[in-house]
Structures are given as C-alpha cells and as structure tokens.
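# Structural features, examined
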Amino acid sequence: MNVLLTGGAGFIGSHTAVALLEAGHQLTILDNFSNSSFAVLTRLRELTGKSLKGVEGDIRNLSLVEDLLRSQKIDAVIHLAGLKAVGESVSDPLRYYDNNVSGTTTLLLGMQRAGVKKIVFSSSATVYRGSQEGLFNEDSPLEPVNPYGRSKLMIELILRDYVATNSFEALVLRYFNPVGAHSSGRIGESPLGVPNNLMPFVAQVAVGRRKELAVFGQDWPTPDGTGIRDYIHVMDLARGHVAALERLEQGGRFDVFNLGTGQGHSVLEVIQAFEKASGKPLPYHFAARRPGDQAVCCARVEKARQVLGFETQAGLEEMAADAWRFQMLNPQGIV
Ligand code: NAD
Ligand code: UDP
C-alpha cells in the first residue's frame, strides 16, 4: 500500500517505518520535527536500503495534508503524530487538544477531501480507568486522568463517530509501554530534555548523562513494592502496525486493539535487566509515588492475537539490551 505515516520521525514512528518498508509498503512520512530530528530520515534510508519520502510539515495544515494524500496516491494513513508528555498536558492543556485533537480532525478532513478511507491510530493504555487488578481488555472502563489521555480518548470517539456515518475504516491501537530500539542501534528513543519515562531515564543514567534514578514508590501492592507495567519492544509494536494495516486491507471498519505482551515487570526488574545489559550497577534511590500513577497496568492481548494474528517476540532482556546499545552508540540521542 501507499502509506502516509504521520509522526514517522519519532520513536515509535521510525521503527514502524522500518517494519512497513520491510513489509514492502511505499512510505511517505509527515513530521513537523517538534520532537524528533531530520537525521532520522537519512538513517531510515541507510538502515533499510529503501527509498521513502520525508516531508516537513504539520498535520494541522489542511492544504498540505490534502495535497500530500493526493500527490502520493495514499491508500491508508498510520497516524502517530502527537504530543505525549503527561505533565506538560496538565500545565498546557490547550496545546495538547490543539495538536492532538484538532490535528486529527484536520487530518481526517484532508483524508475526506482526498478520498482516503483507512486509518490506524496510536492510542494509549492511559485511556483505561485504573483498577486494583490493573489488567485491561479492550472493553475495560475508560477514564483517562489527564489531558493527554483525554485527548487520546477524544480522538478514539471522533474516529468511531466518523466511521459510523461514512465508508471509512479505523483501527485504534492502545499501546502499553513501548521500549527498546532497533537492533542496529541506529534508531531508538531520543527524548528532548529530561525523560518522563522509566526506560529512557534508566538508559541515560547508565550512560552517565544523569546521576541517579528515582524509583517512584516502594509501597505499591506488588511483590517487590514497585510499579508494574507491560513493556513491549518497539519493533514488536512496529510489526503490530503492519498487522493492523493488513487487517484494514481486508476491510476493518472500527475496532480497538491492545498492543502489549500481556506480561508485567516491576521497576526493580527493569533496573536489573538494564544492569545485566550494560554490565554496570545502576544507581537509584526510592522516592515518593508519582501523582496519577497506579500499581499495575498490563494488557489482555487475546484480541490482538486472535484478530490480528499479532504475537510479540522480545522479552525484557532484549528490550534492555537494545535500548542500551542505542544509548551507547548515540549518547546525545539522534542529532
Ligand atoms: P515521539 O514524540 O517520539 O513521536 C511523535 C512524532 O510526532 C514526533 O516526531 C513529532 O515531531 C511529531 N509531531 C508531533 N506533533 C505533530 C504535528 N502537529 N504535525 C506533525 N508532526 C507532529 O513520540 P512516540 O513515543 O513515538 O509516540 C508516537 C505516538 O504514540 C504518539 O501519538 C503518542 O501519544 C503515542 N503513544 C506513545 C507511547 C509511548 O510510551 N511512547 C505510549 C502510548 C501512545
Ligand atoms: N518510574 C520511576 N522512575 C522514573 C520514571 C518512572 O520509578 O523516573 C516508574 C513509574 O512510577 C511506573 C514505571 O516506572 O511505575 C513506568 O513509568 P513510565 O512513565 O515509563 O510509564 P507509565 O507510568 O506511563 O506507564
């Protein structure tokens, strides 16, 4: 298919680009590089030996989107462009609703005008209402607790409404915790500023860019007292997009899938895996719980397995090893 990948220079987008190119799709990337580097595009071409079109631009630019969809004869859009920092979404909610929600409605308008009828959208496990069990299937109650999560849920609802009235097809992918990097070490997670998430923070401590990790809480109701999450290797996640695209090729209407491994790991287990991967002790101390956190957040993955035929391959050790390789080879990220 001719695919438009929005946000394709970012962490998940760059790995998804590799998986799409390897699966034989033709690719156009649209990214405004607000949280990524132009250099990623060169690396993608080197890594895959394939050509791709890279366009600097914003999904909120309707005429640009429409022109691109028409000129590249796009069959389907994989929509990853968005802002994702939870704390920033609390302090600047309008920026999040403008970029994520308005950005998506503009993209959909462009698709409507250009007659493009298929979209895969990256949502998040943050749309679920936290529960004691912390195990979510696609029908679990939804109640995001911050503007970032609410922007994701709003987009899901917009897509569902649009599908209901048009010959349009949308698949929503709710990612759990994407980590790791391509095994080449050429692309990976390269956040600007202080990382919000555990794995990139751990990687920067291991490489000496940050002094020490603060572990948020040691009194959670979990076996070792630290938070448990469902970490998924970003290349597995990338292949999930290819599976979703294949499903759309057969005609998918509207559907939602969790993408995770179904297996949880604690913060201390992540630290141990990283110590093993890097061969050095990782300095950390315990700190207070982070507001809004929950003890456990893991995916039920049966639906993605049954309907998409999607199975993950990598375990925590491989995730840590690949994240560490990328960090070592690119201590300052992709610049
Ligand atoms: P990222 O910031 O690395 O990538 C997002 C990309 O989108 C960046 O390259 C950025 O420059 C681009 N972008 C942002 N706004 C844009 C706009 N208006 N127009 C064009 N480009 C724009 O983030 P990521 O981790 O790769 O996340 C990709 C998507 O997956 C996001 O929508 C995010 O909300 C979602 N997601 C991420 C995670 C995670 O833990 N990383 C979890 C669940 C969902
Ligand atoms: N975490 C931590 N220190 C950090 C960042 C995260 O202890 O510097 C913990 C966090 O409390 C959670 C887990 O690591 O239990 C994963 O956090 P992350 O932000 O990566 O993912 P999310 O909480 O959004 O699922």
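Preceding block: the structure.
The notes below deal with the structure included here.

Conventions adopted
Positions within a chain are numbered from 1, following the residues in the order the chain's sequence is written. The lettering of chains begins at A and the numbering of ligands begins at 1, in the order of writing. Local features in a predicted model are, by the rule used here, given only for residues with pLDDT of at least 70; side-chain atom pairs are given and counted only at 80 or more, and totals for whole chains, interfaces and linings are based on all residues. Neither water nor hydrogens contribute to the side-chain values; these are computed over all heavy atoms in the structure. Basic side-chain nitrogens of Lys or Arg form a salt bridge, by our definition, when they fall within 4 Å of a carboxyl oxygen of Asp or Glu. A run of H or I in DSSP counts as a helix once it spans at least four residues, and a run of E counts as a strand once it spans at least two, with each numbered from the N terminus. Exposure is judged per residue with a 1.4 Å probe applied to protein chains only, and the accessible area is read against the type maximum: over 50% gives exposed, under 20% gives buried, and values in between give partly exposed. Strands qualify as paired when DSSP identifies two bridges or more between them. To be near a molecule or strand, a residue needs just one of its heavy atoms within 4 Å of it. As used in this structure description, the phrase polar contact means that two N or O atoms lie within 3.5 Å; if the pair is within protein, one of them must be able to donate a hydrogen and the other to accept it, and residues adjacent in sequence are counted only when both atoms belong to side chains. Accessibility throughout is a Shrake-Rupley quantity obtained with a 1.4 Å probe, and a residue counts as covered only by protein chains that appear here. Pairing of aromatic side chains requires ring centres within 6.5 Å, counting the rings of Phe and Tyr and the six-membered ring of Trp. Pairs whose planes differ by under 30 degrees are stacked, by over 60 edge-to-face, and all others tilted.

### Considering the pattern of salt bridges
This model, assessed by the stated rule, comprises 19 salt bridges. One salt bridge in this structure joins Asp219 and Arg289, with 3.1 Å as the shortest N-O distance. Within this pair, whereas Asp219 is found in the loop between β9 (213-216) and β10 (228-229), its partner Arg289 is found in the loop between β14 (284-287) and β15 (296-299), the two being separated by 70 residues in sequence. For Arg289, a relative accessible area of 40% gives the class partly exposed. In the salt-bridge network here, residues are joined through shared partners; they are Asp58, Arg60 and Asp98.

### A few points about the pairing of strand β7 (residues 169-175)
A regular strand places its side chains on the two faces of the sheet in alternate fashion. Burial analysis of β7 places seven of its seven residues in the buried class, the great majority of the element. Of the two faces of β7, the one holding Glu169, Leu171, Leu173 and Tyr175 and the one holding Ala170, Val172 and Arg174 are both buried throughout. As judged from the seven bridges shared by strand β5 (residues 118-124) and β7, these two strands associate in the parallel manner. Counted as the bridge partner of Ser123 is Arg174 from β7. As defined by bridge partners, β7 adjoins strand β12 (residues 254-259) across six bridges and the pair is classed as parallel. Bridge assignment links Val172 to a residue of β12, and that residue is Val256.

### A closer look at the site of ligand 2
Around ligand 2, the structure places 14 residues, and the nearest of them are Asn177, Leu198, Ala214, Phe216 and Asp293. Asn197 places a polar side-chain atom, nitrogen or oxygen, 3.1 Å from an oxygen atom of ligand 2. The contact in question runs from a nitrogen atom of ligand 2 to an N or O atom on the backbone of Ala214, over 2.8 Å. Protein chains shield 88% of the accessible area of ligand 2, which is 520 Å² for the free molecule. It is β9 that provides the largest number of residues to the shell around ligand 2, a total of four residues.

### A word on the packing of aromatic side chains
Going through the model one piece at a time under the given rule, you end up with six aromatic pairs. With a centroid separation of 4.6 Å and an interplanar angle of 55 degrees, the aromatic rings of Tyr162 and Phe168 are classed as tilted. Summarising the burial analysis for this pair, Tyr162 and Phe168 share the class buried. Each residue in the set Tyr128, Phe136 and Phe176 is aromatic and connected to the rest through ring pairs, giving one cluster.

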